[in-house]
Amino acid sequence: MLSQLSLRLFLKSFYIQQSCRRALKDGMRPRVPCSPPRGGIGVKVRDQSLRSLHTLATVAALFCILFTMQPRAAHAQSASVTANGRIAGRVVDHDTGRPIQFVRIVLVGSTSAWETDLDGRFRSTPIPAGIYTVRAVFIGYQRSDADSVLVKSGETALVNFALRNQPIELQEITVAAPPSRQNSQAGLLSMQQAAPAVSDGVSAEAISKTPDSDASDAVARVTGISVFDDRFVVIRGLGERYSNSLLNGAELASPEPDKKVVPLDIFPSSLLESIIATKTATPDKPGDFAGGSVDIRTKDFPESFVASLNLSQSFNARSTFRSFPKAPRGGTDFLGIDDGRRTPAWQPDPERYAESFADVWTPRSVNAGPGMGVDFALGNQYQLGNDALGFILSGTYGTKRDLNPDHFSSLGNGTYNFSESNQSVDLGGIFNVAYRLGSGSKIGFRNLYTRGSDESAITSEGLSGDAEQQFRGYQVRYVERYLLQNQLSGEHSLPFLLHSRVEWKGTFNRSVRKEPDNHQVTYVDRGFGFAQEPSRPPFRFFRRLDDDTWSAQGDWLLPLSLRRSADALFKIGGLHRSKARQFRSATYTYDYNTSDPNYAAVVALMPEEVFAPENIGSILTLRLQPVPDDAFKARETITSAYAMVDLPLLTSLRFVGGLRAESWNVDLTLNPADSATRRGLSRDNLDYLWSGNLTYAVSERMNLRFAAYRTVARPDTRELCPCAFNEVLGGVRSLGNTDLRRSTILNADLRWELYPRAGEILAVSTFAKDFTDPIVAAFDAGVEGLRSRFINATSSRLYGAEFEVRKGLGFLAGFLEHFDLGVNLTLIKSSVKVPRELGLFDPDLTLQGQSRYLVNGSIGFAPPESRFSASLLINRFGDRIYRYGTVTNPTVPQDANFIERGRTTMDGKIRMGLLGHMSLSFSAKNMTNARSEIFNETASGEVIRDRSISGRSFSVGLGYAY
């Protein structure tokens, strides 16, 4: 029935779209009602809306065809016993969280039984629908029963066990059987309780209750985490450079040329299983962080057949249906891929090459249509005798348009009023497949691809800082980014070798950022009108950053028996990572022929008329800058070896720690394409990173944790490159430093945590960090104007506390019992000391990007027998330094810092079930309409340096889940 409805919608939308197009093209009245009511939107928006409707219908029809064409074997498997279902789950050690292999899973009152594999997972053969008691039995552990497990026809009931040690056989315990997978918040908290290190996270279940569209939105819900510049994670008040990003446990390369950490907005939320922020170190994790390590985990294959499809349209109060500058689109732009027209093929004749550029400087205006989003997922697991094969295929696609017509900024060399429009495309997909060989081996193949593009049209007016002239600027920029990860991994149980275990994975990452076109032109007020002038020549530049990373990691895990069987663990392993990075650019400027009699009249025209073919070669001449000042290539390698132990020192005291040795080598070549200016530099460091984590189980549901560890923060290759980088018209040039040293950090954490019930937590943490040679970005005003440069401060210290509560109101009667509340608060204080020879910096200087406080709150409502749910989320961060004040002279105190004003945002989502497997959702983002402001505190008072408003956003979605 669903496929028939989707097919009818597809055909109907196609008919309406084609009829309207033919009628509007011929100037005739359409045979179908495609005209809006009087006062409605224009023809262009109608066409966009029809295209969106047709696209959504096409996706729906294709999905339903795939759904109805799912392998008949899976359907036939239960055709003969239509009332059959399955039971599946996982068994872990309650104290350590480690999976337990060879646990016997039985149905009480029957002869059916199964064993867990090396991951502690089990999956039954088809059993008749009904209510069962499921028992987990293993020597040395208490027998555990899950009572009243409901098995439905054609579905899989999830039952998970956390077995407690019991050397003497006692009466079994009976437990409830709620799902506890990592993608549920209760499952994530149970893993967090048994984790060897301090961690916080957000699950797919929690993300689904929010309007978050990508990982940068979702991670801001985690305790102690905020997002800087809408994309970069700040953990415990430490800027993005003091964190690292992992994807499925492997480090990622950033597609941003001037950033160390990966921008999280390239990961659509629909592809995520969970986001886990580990805040203390263990020897088996990379040691290049101070704030924390963010592990983004994509969806894994399910226990049974799943299928879902979600369609949505979004509206922004400041953008949708408003006049919107839109550059011409190419054939593949809808996929976030430039079709090649923005960077025409090279021609040796400069005049012909200049004429081949797209002459678009002031894009024509259209009415902005609503944003569109589509995501789907298909997955299944097949039993092949004693083996099992599972897969998941998931994809997402979205478009949106943002308009910021009144962005004010005086952050750079001048004062500007911007009108900015941006149209973006985001798509991504994962395909994961895993094969389990019996109960002792598993091989997995994970693949992720995500891509995004942004095309911006920026018009600016203002006062130039250096010449104090009124000017007007035009800029069009197209940026595309993509990230690819392929990972092959294996886990193998070795019963013949002391019952040890081997884990390995090989990963390839490719990260690319391309800027196939960025052209800018400036007009200056000459007293009788605006015109271009030779002192500010227009220019075009093209940039591309390629990062290829190969890594291989292997671990050997040996269980040890101290107080009981296999209650301790010894682990050794190694990691080798090699990253090749290359940044290329080409900058073209235009020279003016001021002696041409038509020069003065032509340069006063609009840009499309100035750069018309008849003026190229006569008034304007294209010139390639001889030596790019920002090109480089680098090879960075990290080789590490580590040894760690997981020991029960006492009955309730657990120690996890050891030593990690990391060797870091960088070879950097500047201007590699020019033999005359080519030069290089090398760095080589060997660090011994120790760590220790103590966990004292005060009671069955209460832990007291203490951790001490040493980590490092290394400069990125871009920060080592002494080359200039300028992002946008009017922006500040950024300059690297070949003398940068790595930072070393001593860390200490203390945490008390209580888990009253499944999905609930009460936690209090304190932490302290002591930095040597921290890297900061300072600003000076030299002969080249204002610029940013990276320097090593002398030292820095940071202290903080975190508080977290997640609690259901089930103890209350009536309506309130269906609510759950969550709040987390982070308080931070930091200080930075800068060498006197670098300038007179504020003695009370704090770390850049660090707020003194951060608050997240949530209210959820979800009656257990209802298909209705609602959530309200609040985020608030305090003022933080956006940029340090300028140093103009080593003997003069620095100027006032640029402060980003704290703001409060409120988001909400409502979801309700419809007939069958359908659901309808409504989301709202930034309901407070919070504005972004940056200001200075000067002697005359507060001065606004930057102000912009993103506007309120709303979306409606229709979903199907099987």
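Residues numbered from 1 in each chain as written. Predicted model: local features only at pLDDT ≥ 70, side-chain atom pairs only at ≥ 80, totals over all residues. Heavy atoms only, no water.

Caption draft 1: Molecular detail of the overall build of the chain. Within the chain one finds ten helices and 52 strands. Considering the chain as a whole, with its 962 residues, one finds that 53% of them fall into the buried category. Carbon and sulfur atoms provide 58% of the accessible area of the chain, an area that totals close to 40700 Å². (Helix = DSSP H or I, 4+ residues; strand = E, 2+ residues; numbered from the N terminus. Buried < 20%, exposed > 50% of the residue type's maximum accessible area, 1.4 Å probe, protein only. Areas by Shrake-Rupley, 256 points an atom, 1.4 Å probe, with all protein chains shown as cover.)

Caption draft 2: Summary view of the pairing of strand β49 (residues 918–925). Where strand β48 (residues 903–913) meets β49, six bridges bridge the pair, whose relative direction is antiparallel. Counted as the bridge partner of glycine 913 is serine 919 from β49. Linking two consecutive strands that pair antiparallel, namely β48 and β49, is a turn of four residues; a positive phi of about 65° is found at glycine 916 within it. Pairing of β49 with strand β52 (residues 953–961) involves eight bridges; the strand directions are antiparallel. Within β52, the position partnered with leucine 920 by the bridge is leucine 958. (Pairing = 2+ DSSP bridges.)

Caption draft 3: Representation of the packing of aromatic side chains in the model. In total, this model carries 20 aromatic pairs according to the counting rule given. For the ring pair phenylalanine 315 and phenylalanine 321, a centre distance of 6.4 Å and an interplane angle of 55° mean the geometry is tilted. Residue phenylalanine 315 is classed as partly exposed on the basis of its relative accessible area, which comes to 29%. Taking the ring centre of phenylalanine 530 as reference, the NZ or CZ of arginine 472 above it sits at 4.1 Å. (Phe/Tyr/Trp six-rings, centres within 6.5 Å; stacked < 30°, edge-to-face > 60°. Lys NZ or Arg CZ within 6 Å of the ring centre and 35° of its normal.)

Caption draft 4: Just the environment of isoleucine 105, in detail. For isoleucine 105, the position within the fold is in strand β2 (residues 104–107). A relative accessible area of 0% places isoleucine 105 in the buried class. Spatially, the C-alpha atom of isoleucine 105 lies 9.4 Å from that of arginine 123, the residues being 18 residues apart in sequence. When residues no more than four places from it in sequence are discounted, the contact partners of isoleucine 105 are Val91, Ser112, Ala113, Trp114, Thr116, Phe122, Val134, Arg135, Ala136 and Phe161. (Contact = heavy atoms within 4.5 Å.)

Caption draft 5: Spatial organisation of the side chain of aspartate 145. When you line up the elements, aspartate 145 lands in strand β7 (residues 144–151). A polar atom in the side chain of aspartate 145 sits 2.8 Å from the side chain of arginine 135. (Polar contact = N/O pair within 3.5 Å; in protein donor to acceptor, adjacent residues only side chain to side chain.)

Caption draft 6: Quick peek at a nonpolar patch on the surface. A cluster of nonpolar side chains, namely Leu437, Ile443, Phe445, Leu488 and Trp504, defines an oily patch on the protein surface of about 400 Å² accessible area. Mapped onto the secondary structure, leucine 488 falls in strand β25 (residues 470–494). (Patch = residues over 30% accessible without salt bridge, like charges linked within 9 Å, V, L, I, M, F, W, Y side chains within 5 Å. Salt bridge = Lys/Arg side-chain N within 4 Å of Asp/Glu carboxyl O.)

Caption draft 7: The arrangement of the pattern of salt bridges in detail. In this structure the tally under the stated criterion is 46 salt bridges. Of the charged contacts in the structure, one is a salt bridge between glutamate 491 and arginine 501, with a shortest N-O distance of 2.7 Å. Linking glutamate 491 in strand β25 with arginine 501 in strand β26 (residues 500–525), this pair joins segments that are ten residues apart in sequence. Here aspartate 546 ties to arginine 544 by a salt bridge, and the two come within 2.8 Å at their closest N and O atoms. Salt bridges linked by common partners bring Arg329, Asp333, Asp338, Asp339, Arg341, Arg342 and Glu455 together as one network.

Caption draft 8: Structural context of the nonpolar core. In this structure, Leu238, Tyr242, Leu668, Val832, Val834 and Leu845 are the most contacted members of the largest nonpolar core, which totals 40 residues. Those elements giving two or more residues to this core turn out to be β31 (632–650), β32 (653–670), β38 (761–772), β39 (775–782), β40 (785–792) and β42 (819–833). Residue contacts for leucine 668: discarding those within four places in its chain leaves Phe632, Lys633, Ala634, Arg679, Gly680, Leu681, Thr717, Leu720 and Cys721. If you look at the next biggest cluster of nonpolar residues, it comprises 21 residues, including Tyr353, Phe357, Tyr588 and Phe611. (Core = buried A, V, L, I, M, F, W, Y, C linked by side-chain atoms within 4.5 Å.)

Caption draft 9: Broad picture of the environment of glutamate 900. Locating glutamate 900 in the fold gives a position in strand β47 (residues 898–900). Using a relative accessible area of 6% as the deciding quantity, one classes glutamate 900 as buried. In the structure, glutamate 900 is positioned 49 residues away from serine 851 in sequence and 9.3 Å away in space, judged by C-alpha atoms. Side chain to side chain, glutamate 900 and arginine 903 meet in a polar contact 2.9 Å long.

Caption draft 10: Examining the environment of alanine 568 more closely. Tracing the sequence through the fold places alanine 568 in strand β29 (residues 568–592). Taking the C-alpha atoms as reference points, alanine 568 and valine 645, 77 residues apart in sequence, are found 7.5 Å from one another. Sequence-distant contacts of alanine 568, defined by excluding residues within four places in its chain, comprise Arg98, Leu558, Pro559, Leu560, Leu562, Asp646, Leu647 and Pro648.

Caption draft 11: Seen up close, the confidence of the model for the chain. Looking at the chain as a whole, the pLDDT averages 80, with 79% of positions reaching at least 70. Taking the mean pLDDT of every element in the chain, the minimum, 39, falls on helix α3 (residues 72–76) and the maximum, 94, on helix α9 (residues 607–610). Every residue in residues 20–57 is under pLDDT 50, and counting partners more than four places away or in other chains gives 54 contacts. Scored below 50 in pLDDT, residues 168–186 makes 55 contacts in the model with residues more than four places away or belonging to other chains. (pLDDT = per-residue confidence, 0-100.)

Caption draft 12: Representation of unusual backbone geometry in the model. Residue phenylalanine 102 is not a glycine yet carries a positive backbone phi of 70°. Note on placement: phenylalanine 102 falls in the loop between β1 (84–93) and β2. Of note, leucine 498 is a non-glycine position whose phi angle comes to about 60°, a positive value. Examined against the element boundaries, leucine 498 turns out to sit in the loop between β25 and β26.

Caption draft 13: Examining the pairing of β7 more closely. Sheet analysis places strand β6 (residues 130–137) next to β7, joined by six bridges and oriented antiparallel. Within β7, the residue paired with alanine 136 across the bridge is serine 144. Between β6 and the antiparallel strand that follows it, β7, lie six residues; glycine 140 among them carries a positive phi value of about 95°.

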